[in-house]
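Residue-level structural notes
In case you want the letters, here they are:
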Amino acid sequence: MEAPLAERIRPQHLSEYISQLHLVGEQGSLTHQIAKGIIPSLILWGPPGTGKTTLAQIMAQESKRPFYVLSAINSGVKDIREVIEKAKQSGGLFTAKNPILFIDEIHRFSKSQQDSLLAAAEKGWITLIGATTENPSFEVIPALLSRCQVYVLNPFSKSDLEQLLQRAIEQDEVLKTKKIVLQETEALLRLSGGDGRKLLNIFELVVNASATEPIEITNEKVMQLVQKNTVLYDKTGEQHYDIVSAFIKSIRGSDPNGAVYWLARMIEGGEDVKFIARRLLILASEDIGNANPTAFIMANSTFQAVTTIGYPESRIILSQCAIYLATSAKSNASYLAIGKAQQLVKQTGDLSVPIHLRNAPTKLMKELGCGDEYKYSHDFDNNFAEQEFLPDELQNQVLYEPGNNAREKELRSFLKNRWKDKYGY
């Protein structure tokens, strides 16, 4: 059986590797380490199809090390221990040539599975390279993360993806026998979503579906063929992001029916329940905020629960949370406030802290008057004393505008009562 196009043209050497110049360019942070063969245990974090597996293979190839591969989807602690034993036998301990153990989708490993890697990584039996599409700060246990460097891979740019297509046409043993004319690439690039592997899979599908030559690649032809061959749910591709988007927008739009439908699509497609719960947690703050602060508590409890319980029971918890958030009052006031504040900081720079707000831990700072005119709120009626809390240049600047909902109307009234006309509440 013929290997897929993406596998057939996978680079074998660093000189053939496309993109990620910040890692493997002339001044890349990994370039000299690979050249010297001194590679630390590391985590490669980036979107699907950006070359994580390829880069790991090239590291092993260039440093002439044994290369072992495990997938977190179908490997357990027993598999890890077997590979570590093989690695210990094939590599010299505490040398620069210890074997590389590559673990794809390491974020799917449980705590016990990750724990089983600690001793091997620390004692130098293996050099661990993990690949993940999820933030390792959340998905990799601290003890393992502390033993690894984290390198971030960027999505492919338009020029990177076009270069991949050209290389496929010119170098692949199958495609270079055909006459292929790339008239338009916009549809290919858009459908790929920056995923190089998906781009090449779609491209090969279009080429193979063409019965006559020259094979002309147009946007219309690509869309017709891809629509006929679309899978139900691709948790590493474009539909992954489209369905997550539909899920979030249904909740934001207060439609529990749409929310549960898209939730079911993700669950049936095998989506990571922790990924879904994390998106609910973000939404609870971004789209509901202080209109209903309990929503954030609910979402956080949901994340903790599904992390503990797992599938299939976690689907019930996710459904309950999604419906609660969809039927909650909405406000993006906190989200807008921090955006305005960050923009203001970028525009105005490092403005001085007013002297009455400064800390005075030393005698000199006390003599300079730091904190002298500060009014301790609890010494005043209603625990409030009117004073300025912004830099002098930004006095009366309004960043938080309460939303038009029952709870934030109460907050507006509270602020109006305290600040009178200062902020216009």
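Refer to the structure printed above.
In this text the structure is predicted, and so the values were computed from the model without any measurement.

Looking at the sheet that holds strand 4 (residues 127-132)
- Spatially, 2-3-4-1-5 is the arrangement adopted by the five strands of the open sheet, whose pairing is parallel. The sheet terminates laterally at strand 2 (67-71) and strand 5 (149-152), the two strands that pair on one side only. Neighbouring strand axes in the sheet, compared pairwise and without regard to direction, differ in orientation by 20° on average.
- Here strand 2 pairs with strand 3 (residues 100-104) via five bridges, running parallel. Bridging across to strand 3, F67 finds its partner in I100.

Overview of the packing of helix 15 (residues 273-288) against helix 16 (residues 294-309)
- Packing of helix 15 against helix 16 brings their axes to within 9 Å, and their N-to-C directions diverge by 170°. Overall, the two elements helix 15 and helix 16 adopt an arrangement that is roughly antiparallel. Touching V273, K274, A277, R278, L280, L281, A284, S285 and I288 of helix 15 are A295, F296, A299, N300, F303, V306 and T307, all from helix 16.
- The class makeup of the residues in the contact of helix 15 with helix 16 is eleven nonpolar, three polar and two charged.

Examining the pattern of salt bridges
- Counted according to the given criterion, the structure contains 16 salt bridges.
- Across the salt bridge formed by R278 and E134, the nearest N and O atoms sit 3.4 Å from each other. With a gap of 144 residues between them, R278 in helix 15 and E134 in the loop between strand 4 and helix 7 (136-139) connect regions that are remote in the sequence.
- Exposure remark for R278: the relative accessible area of 13% places this residue in the buried category.
- On the basis of relative accessibility, which here comes to 13%, the residue E134 falls in the buried class.
- A salt bridge links K416 to D421; the shortest N-O distance between them is 2.9 Å.
- The structure contains a network of salt bridges with shared partners spanning E134, E139, K274 and R278.

What counts, and where the lines are drawn
- Residues numbered from 1 in each chain as written.
- Predicted model: local features only at pLDDT ≥ 70, side-chain atom pairs only at ≥ 80, totals over all residues.
- Heavy atoms only, no water.
- Pairing = 2+ DSSP bridges.
- Helix = DSSP H or I, 4+ residues; strand = E, 2+ residues; numbered from the N terminus.
- Axes fitted to C-alpha atoms, helices over the stretch in contact; angles between N-to-C directions.
- Parallel < 35°, antiparallel > 145°, perpendicular 65-115°, else oblique.
- Contact = heavy atoms within 4.5 Å.
- Nonpolar A, V, L, I, M, F, W, Y, C, P; charged D, E, K, R; others polar.
- Salt bridge = Lys/Arg side-chain N within 4 Å of Asp/Glu carboxyl O.
- Buried < 20%, exposed > 50% of the residue type's maximum accessible area, 1.4 Å probe, protein only.

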